[in-house]
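Single-letter residue listing:
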Amino acid sequence: MASTATLEKTASHPGWLRLTHWLNAVAVLIMVASGWRIFNASPLFGFSFPSSLTLGGWLGGALQWHFAGMWLLFVNGVLYLMLNIASGRLFTRFFPLSLRGVFTDLSTALRGKLAHDDLSHYNQVQRLAYLFAIVDIALLIISGLVLWKSVQFGLLRELLGGYETARRVHFFAMALLVGFVAVHLVMVALVPRTLRLMITGKEGKSS
Ligand code: HEM
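Analysis parameters
- Counting restarts for each chain, with residues numbered from 1 along the sequence as it is written.
- Per-residue local features are limited, in this predicted model, to residues with pLDDT of at least 70; the limit for side-chain atom pairs, both in listing and counting, is 80 or more; totals at the level of whole chains, interfaces and linings are taken over all residues.
- Hydrogens and water molecules were not included; the side-chain quantities draw on all heavy atoms of the structure.
- Here, nonpolar core refers to any group of buried Ala, Val, Leu, Ile, Met, Phe, Trp, Tyr and Cys residues whose side-chain atoms link them within 4.5 Å.
- Relative accessible area decides the class of each residue, using a 1.4 Å probe on protein chains only: under 20% of the type maximum gives buried, over 50% gives exposed, and in between gives partly exposed.
- Working definition: helices are DSSP H or I runs of at least four residues, strands are E runs of at least two. Numbering for both runs from the N terminus.
- Contact criterion: two residues are considered in contact whenever any of their non-hydrogen atoms come within 4.5 Å of each other.
- Salt bridges are defined by distance alone: a side-chain nitrogen of Lys or Arg within 4 Å of a carboxyl oxygen of Asp or Glu.
- Positive charge is attributed to Lys and Arg, negative charge to Asp and Glu, and no charge count is given to His or to the chain ends.
- Polar contact criterion, stated in full: a pair of N or O atoms within 3.5 Å, where within protein one must be able to donate a hydrogen and the other to accept it, and residues adjacent in sequence count only if both atoms are side-chain atoms.
- To be near a molecule or strand, a residue needs just one of its heavy atoms within 4 Å of it.
- For Na, K and Ca the donor cut-off is 3.2 Å; for every other metal, N, O and S atoms count as donors within 2.8 Å. Water does not enter the count, which can leave sites looking incomplete.
- Under the classification used here, a metal with four donors is tetrahedral if each angle lies between 85 and 135 degrees, square planar if opposite donors are over 155 degrees apart and the others between 65 and 115, a six-donor metal meeting that same test is octahedral, and anything else is irregular.
- Each pair of aromatic rings taken from Phe, Tyr and Trp, with Trp reduced to its six-membered ring, is defined by centres within 6.5 Å and is described as stacked if the planes are under 30 degrees apart, edge-to-face if over 60, and tilted in the remaining cases.
- Axes here mean lines fitted to C-alpha atoms, for a helix over just the part in contact, with angles spanning 0 to 180 degrees between N-to-C directions.
- Oblique is the label for any angle not under 35 degrees, not over 145, and not in the 65 to 115 range, which are roughly parallel, roughly antiparallel and roughly perpendicular in turn.
- Left-handed describes a crossing whose near helix is turned anticlockwise from the far helix by less than a right angle; the clockwise case is right-handed.
- Residue type decides the class: Asp, Glu, Lys and Arg count as charged, Ala, Val, Leu, Ile, Met, Phe, Trp, Tyr, Cys and Pro as nonpolar, and the leftover types, Gly among them, as polar.

(A) Main features of the nonpolar core. Judged by nonpolar contacts, the single largest core of 26 residues is most densely connected at V28, F49, L73, F94, F171, M174 and L177. Residue assignment for this core shows that the elements contributing at least two residues are α2 (15-41), α3 (59-86), α4 (89-94), α6 (124-148) and α8 (163-190). Ranked by residue count, the leading element in this core is α2, at seven residues. Non-local contacts of M174, meaning those with residues more than four positions away in its chain, are made with W36, F49 and L140.

(B) View of the pattern of salt bridges. This structure, assessed with the given rule, holds three salt bridges. Among the ionic pairs, R157 bridges to E158, the shortest N-O distance being 3.0 Å.

(C) How the structure looks around the side chain of D118. One can find D118 in the loop between α5 (99-110) and α6. Buried within the structure, D118 lacks any salt-bridge partner; its nearest side chain of opposite charge belongs to R93, at an N-O separation of 7.4 Å. In terms of polar contacts, D118 uses its side chain to reach the side chain of S120, at 2.5 Å. At 3.2 Å, the side chain of D118 and the side chain of H121 are in polar contact.

(D) Region of interest: the side chain of Q124. Along the chain, the position of Q124 falls in helix α6. For Q124, a relative accessible area of 15% puts it in the buried group. Discounting chain neighbours no more than four positions away, the residues touching Q124 are P96, L97, S98, G101, V102 and D105.

(E) Local environment of the site of the ligand. The ligand sits among 24 residues. The nearest are H21, Y80, R89, Y122 and H184. For the ligand, an oxygen atom lies 2.7 Å from a polar atom in the side chain of R89. Counting residues per element, the ones that place at least two in the shell around the ligand are α2, α3, α4, α6, α8 and α9 (193-200).

(F) A look at the coordination of the iron atom of the ligand. Within the protein, H21 (NE2) and H184 (NE2) serve as the donor atoms for the iron atom of the ligand, at 2.0 Å. Considering all six donor atoms around the iron atom of the ligand, angles at the metal cover 82 to 180° and the coordination shape is octahedral. A residue pair is termed long-range when its members are at least 10 positions apart, and H21 in helix α2 and H184 in helix α8 qualify at 163 residues. Using a relative accessible area of 19% as the deciding quantity, one classes H184 as buried.

(G) Inspection of the packing of aromatic side chains at higher detail. Taken as a whole and assessed by the stated rule, the structure comprises 16 aromatic pairs. Between F45 and F47, the ring centres sit 6.4 Å apart and the planes meet at 10°, which makes this aromatic pair stacked. Here F45 falls in the partly exposed class, since its relative accessible area comes to 27%. Ring centres of Y122 and Y130 lie 4.9 Å apart, and the angle between their planes is 75°; on these two criteria the pair is classed as edge-to-face. A relative accessible area of 9% means that Y122 is categorised as buried. Since its relative accessible area comes to 19%, Y130 is described here as buried.

(H) Spotlight on the packing of α2 against α8. One way to put it is that α2 packs onto α8 with a least axis distance of 11 Å and a crossing angle of 135°. Looking at the two axes, α2 sits oblique to α8. For the pair α2 and α8, the crossing hand works out as left-handed. Residues H21, V28, V32, W36 and F39 of α2 pack against F171, M174, L177, V178 and H184 of α8. For the contact of α2 with α8, the per-class residue count stands at eight nonpolar, two polar and no charged.

(I) Here's a closer look at unusual backbone geometry. Here F95 and P96 are connected by a cis peptide whose omega angle stands at 0°. Among the structural elements, P96 can be located in the loop between α4 and α5.

Purely spatial values, then, with no claim about function.
In structure tokens:
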């Protein structure tokens, strides 16, 4: 069996993955901040987001940002998925995945005993969280299409339970994605070597 040192050296992220990851982070930031401004123009619930956290200045400006960010999110996301599937990485990095494995890794992590020496593979909690983010972004795009062109995407609208339900689906998918990003950033801060790996593609000798 390979030693930890050997495994650490083999940990790498290809250039296309790093590029699509960072473009995705920019796109998500644009979509969330402009989405909050659009929400404020006609709040679905009894609160508004602080203006300082929103993008676009006013409804028209926010919609422009939202549509521009949408193309980046969509094209970049499709590219990420296609390259992940074509390279076989999707299956080797995110599977196998089991409920038992997730619980085992989660309880090990909560006891502070989950090892992070080997960055060449994701633990089961990471696998689940990343797959969740991918599926959630897909749901955001689908429900967003319904809100954007509800007549043209009539079948999607009906599948989502109608326009009003699609609006709620879009909102809660956004809230879950923001929750994912918050946890993701805490995890990155706890294991900063992963950040170097996602920036340079390779792991340094020490952290
Ligand atoms: C500035 C904000 C962000 C930072 C600093 C960051 C950092 C990282 C790092 C360091 C990794 C690699 C983890 C590892 O190798 O163990 C990673 C992976 C990942 N991140 Fe982020 N991230 C950010 C924003 C986002 C956002 C906004 C999303 C999606 C909403 C996201 C989704 C993912 C996914 C899905 C992976 C796994 C990628 C793969 O292996 O295919 N990240 N991130």
